[in-house]
Amino acid sequence: MPIATFNRRSFTLGAAAALAVPASRAQPARGSRRVALAVGGKAAFYYLPLCIAEQLGYFSAEGLEIVVQDFAGGSLARKALTDGAVDVCAGAYEHTIDLQSKKQMYQEFVLMGRAPQIAFGVSTRTMPHYETPADLIGKRIGVTAPGSSTGRVARLVLARAGIQASAVSFVGVGTSIGALNALRSGQIDAMSNVEPVITMAEQRGELRIVSDTRTLKGTIALFGGLMPAACLYASPDFLQRNPQATQGLANAIVRALKWLQTAGPSDIVKTVPESYLLGDRALYLAVLTKVRQAYSPDGMMDEDGSRTALRALAGQDPAIRPEEIELERTYTNQFALRAKERFRA
């Protein structure tokens, strides 16, 4: 089994990281099994359920030792999975559809987000007189990484305005301080990114939001329905050969999702690593308020959501032909359903 080197990319603004772990942390099981997992921007709110499951010991309680390899964006994490460097990927569900169109089969097995939590905005510095998406023609748009979900949201915003993606330039800026530096220095004119980057720029008046999928309302407005987002996915071979490990992963995430449904803001702040607070507890709480409804309540994939994802991808990429995609092979609810029943999520 491939084991990735742990490389936590925390969004640190100076202070050293410290882990705040509640006394109620789950106890690890003996004989833990290692699972290598790739993620594109672990400190982002997009992956908060993953963080909660790790911090509260839910993975270790399932007899799992999760070895994380953190990347600047979801497309890079996906590549680590398809290259065989890791066993499982934490990323956007839509990658399973895109990969199937390339004759590569991967399956989502537990859903973390039912909205992308991605916002698209323009720089108030380089585009102070922005009026319509047509003003973006010839401009530079920052995304977490080429091929990532942030880029797809940006393309959809453009497409809705009748603008070809080739009319702009996409620049990979990551999910942390590099994205803010690119915006502040004028290296990019617009940005499609996840939290906490968006709120940091928004609060300083550096970014004007044009499209917002941090809420269910904004997601439906852009995609025409709820858009399944962050999830865990792996190859069918891994799922078949490792049913206990897969079930353990699903159990841990669904348990974290249930915890998030009732946890107070202060509980969440005490649970995440100190470095994730960005040196600004009030900012973290402000972001949490904006994105909280975007998390799945039970880890289950909705059939209508999978169709929304396919429709969104096919509308941007002519290589993705809906009639050739077997959606039922891009996800499975068998593991999430067992977890849901076990934890009454």
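Residues numbered from 1 in each chain as written. Predicted model: local features only at pLDDT ≥ 70, side-chain atom pairs only at ≥ 80, totals over all residues. Heavy atoms only, no water.

1. Some remarks on the packing of aromatic side chains
Geometrically, a pair of aromatic rings is defined through the distance of the ring centres and the angle of the planes.
Thinking step 1. Summed over the entire model, instances satisfying the criterion amount to four aromatic pairs.
Thinking step 2. When the ring of Phe45 is compared with that of Tyr284, the centres are 4.5 Å apart and the planes differ by 40 degrees; the resulting orientation is tilted. Taken together, the positions of Phe45 in the loop between strand 1 (33-40) and helix 1 (48-55) and Tyr284 in helix 12 (residues 281-291) put the pair 239 residues apart, joining distant regions of the chain. Per residue, the accessibility class of Phe45 equals that of Tyr284, and both read buried.
Thinking step 3. Here Tyr46 and Tyr47 contribute two aromatic rings whose centre-to-centre distance is 4.9 Å and whose plane-to-plane angle is 85 degrees, an arrangement assigned as edge-to-face. (Phe/Tyr/Trp six-rings, centres within 6.5 Å; stacked < 30°, edge-to-face > 60°. Helix = DSSP H or I, 4+ residues; strand = E, 2+ residues; numbered from the N terminus. Buried < 20%, exposed > 50% of the residue type's maximum accessible area, 1.4 Å probe, protein only.)

2. Regarding the packing of helix 4 (residues 94-101) against helix 13 (residues 303-316)
Thinking step 1. Two elements in contact, helix 4 and helix 13, have axes whose closest approach is 9 Å; the angle formed by their N-to-C orientations is 55 degrees. For the element pair helix 4 / helix 13, the angle class is oblique. Helix 13 is crossed by helix 4, and the crossing has right-handed handedness. Taken together, the residues of helix 13 that come into contact with helix 4 (itself represented by Glu94, Ile97 and Asp98) are Ser306, Ala309, Leu310 and Leu313.
Thinking step 2. Residue classes in the contact of helix 4 with helix 13 are distributed as four nonpolar, one polar and two charged. (Axes fitted to C-alpha atoms, helices over the stretch in contact; angles between N-to-C directions. Parallel < 35°, antiparallel > 145°, perpendicular 65-115°, else oblique. Left-handed = near helix turned anticlockwise from the far one by under 90°. Contact = heavy atoms within 4.5 Å. Nonpolar A, V, L, I, M, F, W, Y, C, P; charged D, E, K, R; others polar.)

3. Things to note about the sheet that holds strand 2 (residues 64-71)
Thinking step 1. Strand order in the open sheet formed by five strands is 2-1-3-10-4, with mixed pairing between adjacent strands. Whereas interior strands pair on both sides, the edge strands pair on one side only; in this sheet they are strand 2 and strand 4 (107-111). Averaged over all adjacent pairs, the angle separating strand axes in this sheet is 30 degrees, with direction ignored.
Thinking step 2. Strand direction decides the pairing type here: strand 4 and strand 10 (residues 230-234), joined by four bridges, are antiparallel. In the strand pairing of strand 10, Glu108 is matched with Tyr233. (Pairing = 2+ DSSP bridges.)

4. Let's talk about the environment of Ile253
Thinking step 1. Mapping Ile253 onto the fold places it in helix 10 (residues 243-262).
Thinking step 2. Judged by its relative accessible area of 0%, Ile253 is buried.
Thinking step 3. In sequence terms Ile253 and Met105 are 148 residues apart; their C-alpha atoms lie 22 Å from each other.
Thinking step 4. Dropping the residues within four chain positions of it, Ile253 is found in contact with Pro49, Leu50, Ala53, Phe59, Val110, Met112 and Leu232.

5. Thoughts on the confidence of the model for the protein
Thinking step 1. With 91% of its residues at a pLDDT of 70 or more, the protein has an overall mean of 90.
Thinking step 2. Contacts from residues 1-24, a stretch scored under 50 in pLDDT, to residues over four places away or in other chains number 66 contacts. (pLDDT = per-residue confidence, 0-100.)

6. Considerations on the environment of Asn242
Thinking step 1. Tracing the sequence through the fold places Asn242 in the loop between helix 9 (236-241) and helix 10.
Thinking step 2. Along the chain, Asn242 and Met301 lie 59 residues apart, while their C-alpha atoms are 21 Å from each other.
Thinking step 3. Polar contacts involving the side chain of Asn242 include one to the side chain of Arg33, which spans 2.5 Å. (Polar contact = N/O pair within 3.5 Å; in protein donor to acceptor, adjacent residues only side chain to side chain.)

7. A short note on the packing of helix 1 against helix 10
Thinking step 1. Here helix 1 crosses helix 10 at 100 degrees, and the two axes come no closer than 8 Å. The angle between helix 1 and helix 10 places the two elements in the roughly perpendicular class. Here Leu48, Pro49, Leu50, Ile52 and Ala53 of helix 1 come into contact with helix 10, specifically with Ala252, Ile253, Ala256, Leu257, Trp259 and Leu260.
Thinking step 2. Tallied by class, residues from the contact of helix 1 with helix 10 come to 11 nonpolar, no polar and no charged.

8. With respect to the pairing of strand 1
Thinking step 1. With six of its eight residues buried, strand 1 lies for the most part within the structure.
Thinking step 2. The pairing of strand 1 with strand 2 spans eight bridges and is classified as parallel. What sits directly across from Val35, in strand 2, is Ile66.
Thinking step 3. Pairing analysis gives three bridges linking strand 1 to strand 3 (residues 88-92), with the strands arranged parallel. Across the sheet, the residue bridging to Ala38 is Cys89, located in strand 3.

9. A few points about the environment of Phe223
Thinking step 1. Residue placement: Phe223 occurs in helix 8 (residues 216-223).
Thinking step 2. Phe223 gets classed as buried once you look at its relative accessible area, which sits at 7%.
Thinking step 3. Note: C-alpha distance between Phe223 and Val153 (70 residues apart in sequence) is 9.3 Å.
Thinking step 4. When neighbours within four sequence positions are excluded, Phe223 is seen to be in contact with Pro116, Val153, Leu156, Arg160, Thr213, Thr308, Arg311 and Ala312.

10. Remarks on unusual backbone geometry
Thinking step 1. Each neighbour pair has its own omega, and for Glu195 with Pro196 the value is 10 degrees, a cis peptide bond.
Thinking step 2. Looking at the secondary structure, you find Pro196 in the loop between strand 8 (190-194) and helix 7 (197-203).
Thinking step 3. Although it is not a glycine, Gln117 adopts a positive phi angle of roughly 60 degrees.
Thinking step 4. Its place among the elements puts Gln117 in the loop between strand 4 and strand 5 (118-123).

11. Some words on the sheet that holds strand 8
Thinking step 1. Spatially, the five strands line up as an open sheet ordered 7-6-8-5-9, and their pairing is mixed. Each having just a single partner strand, strand 7 (169-172) and strand 9 (207-212) make up the two edges of the open sheet. Direction aside, neighbouring strands of the sheet carry axes that sit 25 degrees apart on average.
Thinking step 2. Strand direction decides the pairing type here: strand 6 (residues 140-143) and strand 7, joined by four bridges, are parallel. Looking at strand 7, one finds that Ile141 is bridged to Phe170.

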